[in-house]
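Secondary and tertiary structure notes
Okay, here's what each chain looks like letter by letter:
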Amino acid sequence: MDGTFDHVMIRVEDLEESLDWYQTHLNYEEKGRWEADTFTNVFLGPEDVHEDGALLELTYNHDGRSYELGDAWGHIAVRVPEDALQKSYDQLMSEGVDDYRDPESCGNRYAFVKDPDGHEIEIVKRDHGAKWSIDHTMVRVEDADEALGYWTRKFEYTEYPGRWEADTFSNYFVAPEDAPEEAMKLELTYNYDGREYTMGDAWGHVAVRVDDLDDAWDALMTREAPDYRDPASCDHNYAFTKDQDGHEVELVTRD
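Re the sheet that holds strand S9 (residues 157–165)
On the basis of which strands lie adjacent, the open sheet formed by 7 strands has the order S6-S7-S5-S8-S11-S10-S9 and mixed pairing. Among the strands making up the open sheet, the edge pair consists of strand S6 (110–114) and S9. The mean inter-strand angle of the sheet, taken between neighbouring strand axes irrespective of direction, is 25 degrees. Running over the sheet, helix H3 (residues 144–154) touches strand S8 (134–141), S9, strand S10 (169–176) and strand S11 (185–191) and is turned about 160 degrees from S11.

Some remarks on the nonpolar core
Counting residues in hydrophobic clusters, the biggest one holds 57 residues, and the most contacted among them are Tyr 22, Trp 151 and Leu 188. The element contributing the most residues to this core is H3, with 5 residues. Apart from the residues lying within four places of it in its own chain, the contact partners of Trp 151 are Phe 5, Glu 156, Tyr 157, Val 174, Leu 186, Leu 188, Val 206, Val 208 and Val 249.

Let's talk about the side chain of His 136
Looking at the element boundaries, His 136 is found in strand S8. His 136 sits in the buried class, given a relative accessible area of 2%. Here Glu 122 takes part through its side chain, which lies 3.2 Å from a polar atom of the side chain of His 136. At a separation of 3.0 Å, a polar atom in the side chain of His 136 contacts the side chain of Glu 187. When residues no more than four places from it in sequence are discounted, the contact partners of His 136 are His 75, Ile 76, Ala 77, Glu 122, Val 124, Arg 126, Phe 173, Met 184, Lys 185 and Glu 187.

Side note on the packing of aromatic side chains
Each aromatic ring pair is characterised by the separation of its centres together with the angle its planes make. Applying the stated criterion to the full structure yields 17 aromatic pairs. Here Phe 5 and Tyr 157 contribute two aromatic rings whose centre-to-centre distance is 5.5 Å and whose plane-to-plane angle is 80 degrees, an arrangement assigned as edge-to-face. Of this pair, Phe 5 sits in strand S1 (residues 5–11) while Tyr 157 sits in strand S9, and the two are 152 residues apart along the sequence. You'll find Phe 5 and Tyr 157 in the same group, each marked buried. A ring pair is formed by Trp 164 and Phe 169, whose centres lie 5.6 Å apart and whose planes are at 70 degrees; its orientation type is edge-to-face.

Some words on helix H4 (residues 213–222)
Among all positions in H4, only Leu 213, Ala 216, Trp 217 and Leu 220 are buried. What you see down the axis of H4 is that its buried residues fit within an arc of 100 degrees, all on one side. More than 90 degrees from the buried face of H4, the exposed residues found are Asp 215 and Thr 222. In this structure, the buried side of H4 is in contact with H3, strand S13 (239–242) and strand S14 (248–252). The backbone nitrogen of Asp 214 has a side-chain oxygen 3.2 Å away, supplied by the residue at the start of H4, namely Asp 212. Following H4 by one or two positions, Glu 224 has its phi on the positive side, about 65 degrees.

Some remarks on the pairing of strand S5 (residues 73–80)
Most of S5 sits inside the fold, with 8 of its 8 residues counted as buried. Sheet topology places S5 next to strand S7 (residues 120–125); 6 bridges connect them, and they run parallel. Each bridged residue has a counterpart across the sheet, and for Ala 77 the counterpart in S7 is Glu 122.

Considerations on the side chain of His 7
Residue placement: His 7 occurs in strand S1. A residue is classified by how much of its surface remains accessible, and His 7, at 3% relative accessible area, is buried. Among the polar contacts listed, one links the side chain of His 7 to the side chain of Asp 6, at a separation of 2.8 Å. A polar contact is formed between the side chain of His 7 and the side chain of His 205, at a distance of 3.3 Å.

Considerations on the pairing of S13
Sheet topology places S13 next to S14; 4 bridges connect them, and they run antiparallel. Residue pairing in the sheet places Phe 240 in a bridge with Glu 250 of S14. In textbook terms, the turn of a hairpin is the stretch between consecutive antiparallel strands, and for S13 and S14 this stretch comprises 5 residues, one of which, Gly 246, has a positive phi near 100 degrees.

Focus: unusual backbone geometry
Even without being a glycine, Asn 108 presents a positive backbone phi close to 60 degrees. Phi is positive for His 236, which is not a glycine, with a value near 60 degrees. Inspection of the secondary structure assignment puts His 236 in the loop between H4 and S13.

Thresholds applied
Residues numbered from 1 in each chain as written. Predicted model: local features only at pLDDT ≥ 70, side-chain atom pairs only at ≥ 80, totals over all residues. Heavy atoms only, no water. Pairing = 2+ DSSP bridges. Helix = DSSP H or I, 4+ residues; strand = E, 2+ residues; numbered from the N terminus. Axes fitted to C-alpha atoms, helices over the stretch in contact; angles between N-to-C directions. Contact = heavy atoms within 4.5 Å. Core = buried A, V, L, I, M, F, W, Y, C linked by side-chain atoms within 4.5 Å. Buried < 20%, exposed > 50% of the residue type's maximum accessible area, 1.4 Å probe, protein only. Polar contact = N/O pair within 3.5 Å; in protein donor to acceptor, adjacent residues only side chain to side chain. Phe/Tyr/Trp six-rings, centres within 6.5 Å; stacked < 30°, edge-to-face > 60°. Arc of directions from axis to C-beta.

Here it is as structure tokens:
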């Protein structure tokens, strides 16, 4: 199993508005598109995204439905150079992006904006990866031990440096042990107050790249991962499992 994160999927209510937002403000370009009778999937990323970098998948359903964000998913984080956080945020403000959480309010360590559908986007300082490329995706978990166990046992991930244990919460970062630093990581956020989360439907899934779909699925079943949508039910193009809290995890192969 390769295990590198391939993409993260979000649902949008106006495809053209979302495409314009990401292409204008994050300088994303279209990397691929799948047009079906009832939905459209568009894959986006920076022009010079690393070969193991994750893409953003926009899913637009043609029936005009609206979505609920919930709080089980947190944000995607995009990279800017170490010395360019304020400059990058000011650029977004000058382009008309709503002011959500500016660098000063975040101790000048990071900042946040929102896309047209309310998905939160964190801006983080990194000395690697293309500007605006996806650094990590954050999900909230109800049991940190179960969450870390899921990703280490099911997907053979390791916990990466960057653990942050505060008075009221902890953040953990997981990814394949040999993943390049430009690859996306998964941030697990655990709040100590025992709260429960609502999944919503505005966020879709994270996708994990595998070498062989059937072999990877068999390994997950042996490791007692939830059998959600097996390869046969997806015409052997992909498959889906879920983590311990119900976040969907897609398995995909990439040529």
